[in-house]
Amino acid sequence: MPEIVVEASRAMALGVKLCKPKVIPMYPITPQTHIVEALAEMINNGELQAEMIHVESEHSACSALLGAQAAGVRTFSATSSQGLALMYEILPIISGNRMPCVMAVANRALSAPISIWNDHSDAVSARDQGWIQLWVESTQEAIDTTIQLYKICEDHSVLLPGMLCLDGFTLSHVYERAIVPEQEQVDAFLPEYKPYIKLDPEKPITMGPIAFPNSFMEFKKMQHEAMLQALKVIKNVHDEFAKQFGRAYGDGLLELYRMEDAEYALMGMGTLVGTARVVVDKLREEGQKVGLIKLRSLRPFPKGELINATKNLQGLTVIDRHISLGYEGPLFSDVRSALFESDIRINNFIAGLGGRDITQKHLRKALLSLKERREGGWLL
Amino acid sequence: MPEIVVEASRAMALGVKLCKPKVIPMYPITPQTHIVEALAEMINNGELQAEMIHVESEHSACSALLGAQAAGVRTFSATSSQGLALMYEILPIISGNRMPCVMAVANRALSAPISIWNDHSDAVSARDQGWIQLWVESTQEAIDTTIQLYKICEDHSVLLPGMLCLDGFTLSHVYERAIVPEQEQVDAFLPEYKPYIKLDPEKPITMGPIAFPNSFMEFKKMQHEAMLQALKVIKNVHDEFAKQFGRAYGDGLLELYRMEDAEYALMGMGTLVGTARVVVDKLREEGQKVGLIKLRSLRPFPKGELINATKNLQGLTVIDRHISLGYEGPLFSDVRSALFESDIRINNFIAGLGGRDITQKHLRKALLSLKERREGGWLL
Amino acid sequence: MAEKNTKKIEFTLGAVIREPGSTIKNKTGGWRAMRPVLDQSKCVRCGTCWMYCPEGAIKKDEKGNFVIDYDYCKGCGICANECPVKAIKMELEKK
Amino acid sequence: MAEKNTKKIEFTLGAVIREPGSTIKNKTGGWRAMRPVLDQSKCVRCGTCWMYCPEGAIKKDEKGNFVIDYDYCKGCGICANECPVKAIKMELEKK
Amino acid sequence: MPLKEIRIHGRGGQGAVTASEVLAVAAFYDGKYCQAFPSFGVERRGAPVEAFTRIADEPINIREHVYEPDYVILLDPTLLSSVDVARGVKDSGIIIINSNRPASEFRLNTKAKIETIDMTAAAMEIIGKPFVNIASLGAFAAITAEITLESVFKAIDQEFAHKKAVAELNKKAAEKLYKMFRG
Amino acid sequence: MPLKEIRIHGRGGQGAVTASEVLAVAAFYDGKYCQAFPSFGVERRGAPVEAFTRIADEPINIREHVYEPDYVILLDPTLLSSVDVARGVKDSGIIIINSNRPASEFRLNTKAKIETIDMTAAAMEIIGKPFVNIASLGAFAAITAEITLESVFKAIDQEFAHKKAVAELNKKAAEKLYKMFRG
Amino acid sequence: MIRGLPEEEFFASGHRACAGCGAAIAMRHITKAAGRNTIVVQATGCMEVVSTPYPETAWRLPYIHGAFENTAAIASGIERALKTLGKKYNILVLGGDGATFDIGFGALSGAIERGHNFLYVCNDNGAYMNTGIQRSGATPKYAHTTTSPAGRVIPGKLEWKKPLPFIIASHRAPYVATASISEIPDLYSKIKKGLEIEGPCYVQVFSPCVPGWGIDSAKSVEVARLAVETRICPLYEIEGGILKITKDIKEPKPVEEYLKAQARFKHLSETQIKEIQAFVDGEWTRIKELEEKKCRFY
Amino acid sequence: MIRGLPEEEFFASGHRACAGCGAAIAMRHITKAAGRNTIVVQATGCMEVVSTPYPETAWRLPYIHGAFENTAAIASGIERALKTLGKKYNILVLGGDGATFDIGFGALSGAIERGHNFLYVCNDNGAYMNTGIQRSGATPKYAHTTTSPAGRVIPGKLEWKKPLPFIIASHRAPYVATASISEIPDLYSKIKKGLEIEGPCYVQVFSPCVPGWGIDSAKSVEVARLAVETRICPLYEIEGGILKITKDIKEPKPVEEYLKAQARFKHLSETQIKEIQAFVDGEWTRIKELEEKKCRFY
Ligand SMILES: Cc1ncc(C[n+]2csc(CCOP(=O)(O)OP(=O)(O)O)c2C)c(N)n1
Ligand SMILES: Cc1ncc(C[n+]2csc(CCOP(=O)(O)OP(=O)(O)O)c2C)c(N)n1
Ligand code: SF4
Ligand code: SF4
Ligand code: SF4
Ligand code: SF4
Ligand code: SF4
Ligand code: SF4
Ligand SMILES: [Mg+2]
Ligand SMILES: [Mg+2]
C-alpha cells in the first residue's frame, strides 16, 4: 500500500488487520470506537478473517480476550477511560497468565466529572498491572508500533500483554499522512502466532490455579523479570522493524530530539511531544540549548536509558497528563526515582487533563521554568 | 467499653458501629468478610440502625455507596483484592463527586495466580484515584483510625472519600487486645453527619455532569488541593483524637520509632512495621543506630514530613508489599521523588507478596543492606 | 466548545450544578435550518404538537393558543408532521 | 500450608499446571476420622456408593467388587448412608 | 510554504468534518503534508461544529488546537448569529462565507478579508440538494490557491470511491465554484 | 515473662482456631498481652489446620508467623501421620498430645518434651462428645503454668456467653484435665 | 393539563439532543408523570450527555449520573438511604438500551432480586447512540450499525433483539410494561403505575433516533407509530405475573413499511424482510397466547 | 460403565473439598458426561479453590480459571477462537450460585444474547461457600448465612430465591434444566443434552454444602433427595421454550422435613415454615400449569 491520508484510528485498524488477529472482543467507547468500527467493516466485508465478539461490557471484553488467547489464537481489543477502568480487574489476570494479548487504548480522562476527552489517567493508572505500555505520537507510529507490539509480547522470553496507547481525539481522530505496510512485509516481520501453551483436550493443562504463599511471589518475580527482559526485546524488535521498514523511533524505548548538547529538556508521552518538537525548534532558534525526551515505553520503564539520556542535562521538566491525586504526576515520580543519584533539577507540570489543550505556550513555559524549582505546576 | 481481646475485623466493625453509618452496601470477599459479617450480626440483632445492601457485585457495592452518600447519609463498605479491582471504575467517580464515603480494605494480593493472602497490590494500585488512604498496623489503630477517617473525610475543607487499609489475615484475622471507645466519647468527637449537598426534591441539584475541556482540569485541581488540605486535617483530627482518647500514632501521617539519632531507617506500611519494631529494638541492642518510619497516609503523601523525618539519615530502606511490574516498588518511587534533593541512600525491597511472610530476618537484612546500594531486592 | 459562550465559569465543589433547568440559557434556536410556522387560524388546539415537541418549545399561552418558542425550536419538523390538521408549515430559515 | 509437603516447587510460566489430575499426590485419607468398612458379603454391587462418593475413592476392581481407596477416602459416610443394603459401616478411625 | 491553518464551520450533519478531511487529502495530492481533525465536541445533529485542516510543505508535528487560522470556511451563514466565526483569524486571513449576499454586508470583528460565494445555489443547481461541504473546497482552491482543483477532484474521487455518481456531482459543483473565482 | 508461642494442631471443624483465641483471652485475664491467629489457609472441613497464640508481658508487636513455638497442642493424634507436629519446636518446648497412650510411644523428631493426656476420654465423659479444643486449655494451664485455670474459666465464660451450659461443660472438662496434672 | 398531561416541564429546553430526538420526547413525559417528588438516576448515554453540559443542566429534578452500567446500584443506595431518613420519594432510573440490556443488566438484575422500590425506565433506541450507533442487545436483527455494518459477507446484526421485558418479568418484578413515544398518554400512565407499585418496576420505551436509524428528523414519532402498528413493538404490561396487551393491533401493517422507512434497514433482501415478518407474527401469537392462557410469570 | 455412568474420572481424587461435599459429587459426573473432548472454564469458588492448589490440579481436562464473574465471557472468547481454528470441543462452564445468580449474571446474560455454543452449569449450594457462607441470590428465604444471620430483629434472608432457570429460559436459551446430586443419571443425561444442543444451554445443579447448610457429612445426598421429594427443588427441563417436568413428585413430603434437617433453618418459626410450604406449593402449581398449558418461553 502506498502512503495515504488516513484517520489514526482507521490506520491502527489497518495495522491490526496486517497482524491477522483471529478474535476481537470489543465494546464501544469514545474515542476508541473508530478503531473497532473499521475492523467490523473489514470483517463484515470479508476482508479480515476474524471473529468480532460484541460483548456486553469491557469486563467481558477483557475476559473474552483472555479466553480466546488461552484457546490459542492471536487477539486484539481496544478501549478507553471507563472501559479500561472496568477491565481493571482482569488486567493483572491476563498478565499473570502470561497471555500476550494486545489492546489499543485511545486515552481519555476518567470520570467524574465525565469527560470524553484526552488525558492519560486511564492507562497510566494501570501502570502497575504487568502490561507493557507503548505510547505513540503519530498515526505512522501507531501503525508501526502495533505491528512491533505483537512481536514483542509474543516473544517467548517476554510473553506479556501489551497496550498501545494513543491520545484520544488528539491523535485517534486526526487525519494525516501514513504509510500502511504491505501484507507480505508484515508477514516477513511477524511470524504466525504459535501459542506457547493452550487449552487443548489433547494435552490438558490447568490455567489460573490458586497459588499459596509458598509460590505466589516467585510468579510475580518471573513476571517482573520478563518485563525487564522486554526492555531488550522492545529495542531489538524496534531495530529490526527499522531495518526492514526504514522507520525508527529513537531506540524504541526513548526517542531523543535535539538532545546532543541540550542543557534543558522536556519529557513527556504521546501527542504533546509533537507540539514540544515545535517549541524546542523555536527555542533553539532563540539560542536556547533545549531538547526533548519522548518516552515510548512507560512499562517496562527504561531507567538505564533515561539516566544515559539525561547525564549532561542541567534540568528536565516532566509533563504529566495525569496526576496521582494527593501527590504529583506519576511520570514525574518515576523519573525522579530513576534519576535519584543525579543532581539535575527536575520540574513537574500537570497538563492537558480532560481534553485541555496543551499549547506551545504551555510547553514553552514548562521548559523555561527550569530556571527555578517548580514541582507542583499546573498548565491550565 | 473496657479493653477486650478481639479479632481485628470485629474490632473494626465495632469502630464502624460507633460512627453510626446508615447504609452499608457490601459484597463478600476474603479476607474482608469478617468485618461485614460482624456488622450484619449487629444489624440483624437490632444493635445497629443501618441498612445493609446485599449487592450482587463490588461494582454495585461501590455504586450503592455513591448513591446512599449522595442521598445524604453516612456510609460504609469493605472489600479486598479483586473486589477493590472491580470497584475500580467507580473509585474516581466517588472522589470526583466529592463524596466522603469510607471503606475498609483488608489488603490482599491481586490475581493471577489467585491468592487470598496479604499484600498491598489492591489498594496501592488505586493510589491515583483521589481517595485518602490511611494504613494501620494494629487492631487498636484500626478502630481509632476508622473513627478519625470519618471526621477527616467529612471535613468541609476536605470532602473526599477514604480507605482504611489493614493487612488481610495478618491483621484482619488476628485476635489481640484493644480498647473499644464508648459511644458517648465517639459522639463527642465525631459530629452527626451533615451532607454539604444531597439529592433532595426540595432543592434539585445535578450531580455528575459532563465537563468540557474548559472546566475538567479545574475540578481535578480542586480535588488535588483538597487532598493537600487533608494533610493538615489528618494531623489535626489525629491530635484531637489523641487528646480525647489518649492514643496517638506519630503525627497522624508518619509514625517515627527510635528515629531521634538514627543513621539508618526502614520505612513501610501496615503490619510489617510491627515486626520491624522488634528488629529495630534488637539492632539497637547490638549498638546499631537504626530507626523506623511508619507511613500512615499514602495519599495524601506527606512529603514535607518525610523530608523532615529523614534529614539526619544516611540511609533509608523502603519495603514495598507491591511492585509496579516493569519498574519498582511504588512506595520507593514516591519516597525517592520526595527525597530527590537529599543525598541519603535509599534502597528498596519487594516483600510479602501473596502472603509470603515478612520475617525479622527479612527486615534485618533489608536494614543492614543500607551499607550498599540495593534497588531491586526481593525478600523471598 | 464550538459555542460562543466564553463567560467565566464558576467551578463548584464536585462539579455540582445548583441551577435546575439552566440549559434554558442555551438558545438552541440557533440550530434551526427549517422554521415551523403555526397558522393559528387552522389550529384546533389539540396539543399534539406540544406533546411531541422534543424541545418543549411549544407552549400554550394565556389565550389557549399554542405558540412556538423560536429560542429553542430546532426545526425538527415533528410538530408539522404530526399536526392532525396540518396547521404547521416548515419554511426555510433565513437569517 | 499446614501440610507436610515441603518438597521444592517448580515454578512454571504463568503458573500453568501441566500434570492433569495431580491432586492424586495429596492423600486425603489423612483427613479421615471415621472409616467406612465395606462388607463384600452383603454388597449387591449396585454401585450406589461408587456413584455418590465425593472423592472418587470407591472403585470397581477386576472381580467386579467395589473397594474403598483409603488413600483418598475422607470418611464422610455418604456411602454408608446411601448403600441400599447397608453393606458399609462407619468405624472410628484409629492410627 | 509555511504552515497554513483552516477552520471550517458548519452544523452537525452538514459535513464540515468530511470537508476538512477531503481538504487534507487534496493537499496530500499536491505533495503536501496535512492534518485534519474535528473540534472533538459532543455536538448532536444540527448543533454548530468546527473542523480544522493544516497544510504544510514539511511534516506537521504540532498537535495543539487551531487558534489563529489563516482561512475560515463558513458553510452555513445562519451560524453567524450564534458562533464567532472570525475568532482568532489572522489579519492576513480570509473568511469564505457561503452566501449570495456581498461580502460588505457581513460586519465581522476582524481585519481578515471576507469573501462570499453562493455555494448553496451551486449545490442546488448541480447536486439538487444543499450539500455544500465538498463543493466549498472548489471555492477554497480558487480563493486561496493553497490547493489545486485537480487535487480536490482526486480527493473527492477517493472519498466517494464507492459512490461514483456522488463524486461526479460534487466535482462538478466544486468546479463551478472554482470557476466563479478563476473563470 | 518473655514472649511465649503456642501452636495448636487440629482438623478443620475441631476448633483449633477457637482454642487459640480462648487461650489468648485467658492470658489477657492473667493481665498479659496476647495475639492469636489461624494459619490463614484454604482448608476445608476435615483437613489439618493450625492455629497460633502468643503471650507476653509486654505489648506484642511482632507479626511474623510462629516458626519456633514453645508449646504445641495436638488435638487429634491421627494427624501425626500427615503433619509434622514437632516442626520447629524449641528444644526447651513441650508437645502436648491428646492420647491415652504414654508419651514414650510417640517418636517425634524433636528434643522437646512430650506429654500425653487423654482429652477425648475426658470430653466424652463430661461433654458427651469428643470436643477437646477448649478442654485442652486446662491441660495446657496445668502442664505449662503459662496461664491460670481461673482465667481459662473466665475466657470460656466469655466465649460461650450465650451458651452457659456449654460453658459449664467445657469448664468442667478443662478442670478435669487440669487436675490430672495438678491434682 | 394538556391532553391529560401536566404542563410543567422538568426536562428543560436548551438541551443538546439532535433535532427530532425521540428520547427527548420521552424524557419530557416520563418526568411529567414522575412529578416533583422524584430523584432521577441516569446512566451515561445520549440523554445524559445532552442534558448536563457543565455548568448547565436540563434537569429540574434532583439528578445524579454516576457511570454507564450502575444506575440500578446507585438507585439501590439512594432507596436505602431514604428509608433510613424516613423519606418517601419516587426513584426514577433512566438508562438507554445499551445501559439496560447489556452493560448494566447485571446490576439491574441484582437490584430486582433484592426488591428495591424504584422504577427503571429504559429508553430503547436500539443501539449505542451516544458513541455513534453501535450494536446493542436491543438492536433488531439485520440492522446496520457501525459495529454490525451491512457488509458484503455479513448483513448487519445477526441476532434477534434480547427479549428484556420477559426476562425482567421472570425475575418476579411486580410491574413490567412496554411503551412507545408515539403513544404518550399510554406511556404517561404506565410510568405513573410503575412508580405507584411497590418494588422494582420496569418500563421499556420505544424511541427512534434520527441519525441512528437514518430517518428524517420530522419522522421519529411517525416511525415509532409504525413500529406499534406493524407489531414490531407490541404494547403490553405484565402485572402480578400476568400479561395483558394494552393495545391490540388487529390489522397490522406489513413490517416492510416500518423497515423501508429507515436507512439502517435499506440493505435488506426480500427474504430477510420475510424472516422478520415471520418472527414478528410468531412473537405476536406467542404474546397473545400468554395473555389468553393466563400463563403466570411468577 | 456403572449404572450407565463411565468409570473414567476427570475430576481426580486428592482435591481439598470438605468431606461429604455435594459439589464434588456433581463435578465427577458433570465431567464424565462431558468427556474427554471438553474444555472447562470455572469461576472462583469452592470447587475452583479446592481443585487447583498449585502445583496440583484435580482436573484431567484442559481447564481455565480467570475470575469470579467472567466465565461466560472467557467461554465466549474460547468458543470464537475454536471456531477460527476449525475445532469442535465441548465448552463446559462451571460456576457456583454466587458466580451465576449474582456477580456473573451480567456476563452470562450477554453471552446467551450473543448465542455462543456452550453449556453453563451452575452448582447451586445456595450461598457463597468459598468465602464462608454468605447470602447469595440463590439463598432460600429465611436461611441463616453469615451476612443474613438469624438475628433478634431480622430472621435470616428476607427474599425468595431468584428464579434463575426461568430468567435464562426467557433469554431464548435453547435448553435449560434443573438437576440434583441425588439423581445422578438424570443429571448425567441433562449435561449430555445440554452439550449436544447448539447454543447457550444451562443446567442448574442442586447440591448441599456440609458446613454451609449445617448438615452431617454423610447426609448431603439425603438432603438433596429430600429437596426433590418436598418439591423444594423441582426437576424440569425447558427445551425449545417448552417446559417439561422430568420428575413428577405426586406425593410430596412436607417441606418441614427438609428444613429441619439443616442448621441454617433451625431458627424458623411455624409461620415461616408454613409460608415456605405455601410458596413451594404455589410454585409447583405454576410450573405444572406452564407445562400443561404449554406456555411458550419464546
Ligand atoms: C464502562 C463504559 N463503557 C463504555 C462507555 C461508553 N458509552 C457511553 S454511553 C454509551 C452508549 C449508550 O448507549 P445506550 O445506553 O443505548 O444509550 P443511548 O446513547 O443510545 O441513548 C457508551 C458505549 C462508558 N461510558 N462506560
Ligand atoms: C470480584 C470478586 N469478588 C469477590 C470474590 C470473592 N469470592 C470468591 S469465591 C466467592 C463465593 C463463591 O460463591 P459461589 O459462586 O456460590 O460458589 P461456592 O463457593 O458456593 O461453590 C466469593 C465471594 C472474588 N474472588 N472476586
Ligand atoms: S419543529 Fe421540532 S423543535 Fe420546533 S417546535 Fe416543532 S417539534 Fe418543536
Ligand atoms: S397539533 Fe396542530 S392543531 Fe394541534 S395544537 Fe398543534 S398546531 Fe394546533
Ligand atoms: S466415606 Fe465418603 S469419602 Fe469415604 S468412600 Fe465413603 S463416600 Fe467416599
Ligand atoms: S452401595 Fe452398597 S450394595 Fe451398592 S455397591 Fe456399594 S456397598 Fe455394594
Ligand atoms: S443520537 Fe439519537 S438518541 Fe442521541 S440525541 Fe440524537 S436522536 Fe437523540
Ligand atoms: S464448603 Fe461446601 S461447597 Fe465448599 S467444599 Fe465444603 S461442602 Fe463443598
Ligand atoms: Mg441506545
Ligand atoms: Mg454457592
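Residues numbered from 1 in each chain as written. Chains lettered and ligands numbered in written order. Predicted model: local features only at pLDDT ≥ 70, side-chain atom pairs only at ≥ 80, totals over all residues. Heavy atoms only, no water.

**Student:** What is the right way to look at the overall build of chain E in this model?
**Tutor:** Counting its secondary structure elements, chain E contains five helices and six strands. Across chain E, helices and strands are ordered from the amino to the carboxyl terminus as β-α-β-β-β-β-β-α-α-α-α. On C-alpha atoms alone, chain E measures out to a radius of gyration of 15 Å, which is about the 16 Å that the 2.2 N^0.38 rule sets for 183 residues. C-alpha extents for chain E along the principal axes are approximately 40 × 40 × 35 Å. Counting over 183 residues, chain E shows a buried share of 59%. Working note: accessible area of chain E is about 7200 Å², and carbon and sulfur atoms make up 51% of it. Here chain E contributes 23 positive and 23 negative side-chain charges, whose respective centroids are spaced 4 Å apart. (Helix = DSSP H or I, 4+ residues; strand = E, 2+ residues; numbered from the N terminus. Rg over C-alpha atoms; globule rule 2.2 N^0.38 Å. Buried < 20%, exposed > 50% of the residue type's maximum accessible area, 1.4 Å probe, protein only. Areas by Shrake-Rupley, 256 points an atom, 1.4 Å probe, with all protein chains shown as cover. Lys, Arg positive; Asp, Glu negative; His and termini not counted. Charge placed at Lys NZ, Arg CZ, Asp CG, Glu CD.)

**Student:** Just checking my understanding: could you explain the site of ligand 4 for this structure?
**Tutor:** Around ligand 4, the surrounding shell holds 14 residues, and the nearest of these are Cys43, Cys46, Gly47, Cys49 and Cys83 of chain C. Looking at the shell around ligand 4 residue by residue, the classes come out as eleven nonpolar, two polar and one charged. (Near = heavy atom within 4 Å. Nonpolar A, V, L, I, M, F, W, Y, C, P; charged D, E, K, R; others polar.)

**Student:** Explanation requested: the relation of the copies chain A and chain B in the structure shown.
**Tutor:** Note that the two copies of the chain are related through a rotation about an axis and a translation along the same axis. Mapping chain A onto chain B calls for a rotation angle of 180° and an axial translation of 0.0 Å; the resulting RMSD is 0.0 Å. Expressed as an axis order, the relation between the two copies is that of a two-fold axis. A high fraction, 100%, of the interface residues of chain A reappear at the interface in chain B, so the copies pair face to face through one surface. (Least-squares fit on C-alpha atoms with pLDDT ≥ 70 in both. Contact = heavy atoms within 4.5 Å.)

**Student:** Which parts of the structure should I look at to understand the coordination of the magnesium ion (ligand 9)?
**Tutor:** In an ideal tetrahedron of four donors about a metal, each angle is 109.5 degrees. In an ideal octahedron of six donors, the angles are 90 or 180 degrees. Residue and element names in this part refer to chain G. All of the protein donors around the magnesium ion (ligand 9) are Asp97 (OD), Asn125 (OD1) and Ala127 (O); their distances to the metal are 2.0 to 2.1 Å. Within one chain, the residues donating to the magnesium ion (ligand 9) are spaced in sequence as D-x27-N-x1-A. Here aspartate 97 is found in helix 4 (residues 97-103), whereas its partner asparagine 125 is found in the loop between strand 4 (119-124) and helix 6 (164-169), with 28 residues between them in sequence. A relative accessible area of 1% places aspartate 97 in the buried class. Judged by relative accessible area, asparagine 125 falls into the buried class, the value being 8%. (Donors = N, O, S within 2.8 Å, 3.2 Å for Na, K, Ca; no water.)

**Student:** Explanation requested: the pairing of strand 4 (residues 76-79) of chain B in the structure shown.
**Tutor:** Residues and elements named next belong to chain B. Both faces of strand 4 are covered, namely the face carrying Phe76 and Ala78 and the face carrying Ser77 and Thr79. Where strand 4 and strand 5 (residues 102-107) come together, four bridges link them in parallel fashion. Across the sheet, the residue bridging to phenylalanine 76 is valine 102, located in strand 5. (Pairing = 2+ DSSP bridges.)

**Student:** It is not clear to me how the nonpolar core should be interpreted in this structure. Could you clarify?
**Tutor:** A general trend in soluble globular proteins is that nonpolar side chains are found buried together. If you look at the biggest cluster of nonpolar residues, it comprises 391 residues, and the most contacted ones within it are Leu316 of chain A together with Leu316 of chain B. Ignoring any residue separated from it by four or fewer positions in sequence, one finds leucine 316 of chain A in contact with Ala265, Leu266, Met267, Ile293, Thr310, Val335, Leu339, Ile344, Arg345, Ile346, Asn347 and Leu370 of chain A. (Core = buried A, V, L, I, M, F, W, Y, C linked by side-chain atoms within 4.5 Å.)

**Student:** Would you mind showing me how to read the site of ligand 3 here?
**Tutor:** Lining the immediate surroundings of ligand 3 are Pro36, Cys53, Pro54, Glu55, Ile58, Ile68, Cys73, Lys74, Gly75, Cys76, Gly77 and Cys79 of chain C. Here the residues of the shell around ligand 3 are counted per class, giving eight nonpolar, two polar and two charged.

**Student:** Would you mind showing me how to read the coordination of the magnesium ion (ligand 10) here?
**Tutor:** Residue and element names in this part refer to chain H. Taken together, Asp97 (OD), Asn125 (OD1) and Ala127 (O) make up the protein donors of the magnesium ion (ligand 10), found 2.0 to 2.1 Å from the metal. All donors of the magnesium ion (ligand 10) belong to a single chain; written as a sequence motif, their spacing is D-x27-N-x1-A. One end of the pair, aspartate 97, is in helix 4 (residues 97-103); the other, alanine 127, is in the loop between strand 4 (119-124) and helix 6 (164-169), and 30 residues separate them in sequence. On the basis of relative accessible area, alanine 127 is assigned to the buried category, the value being 4%.

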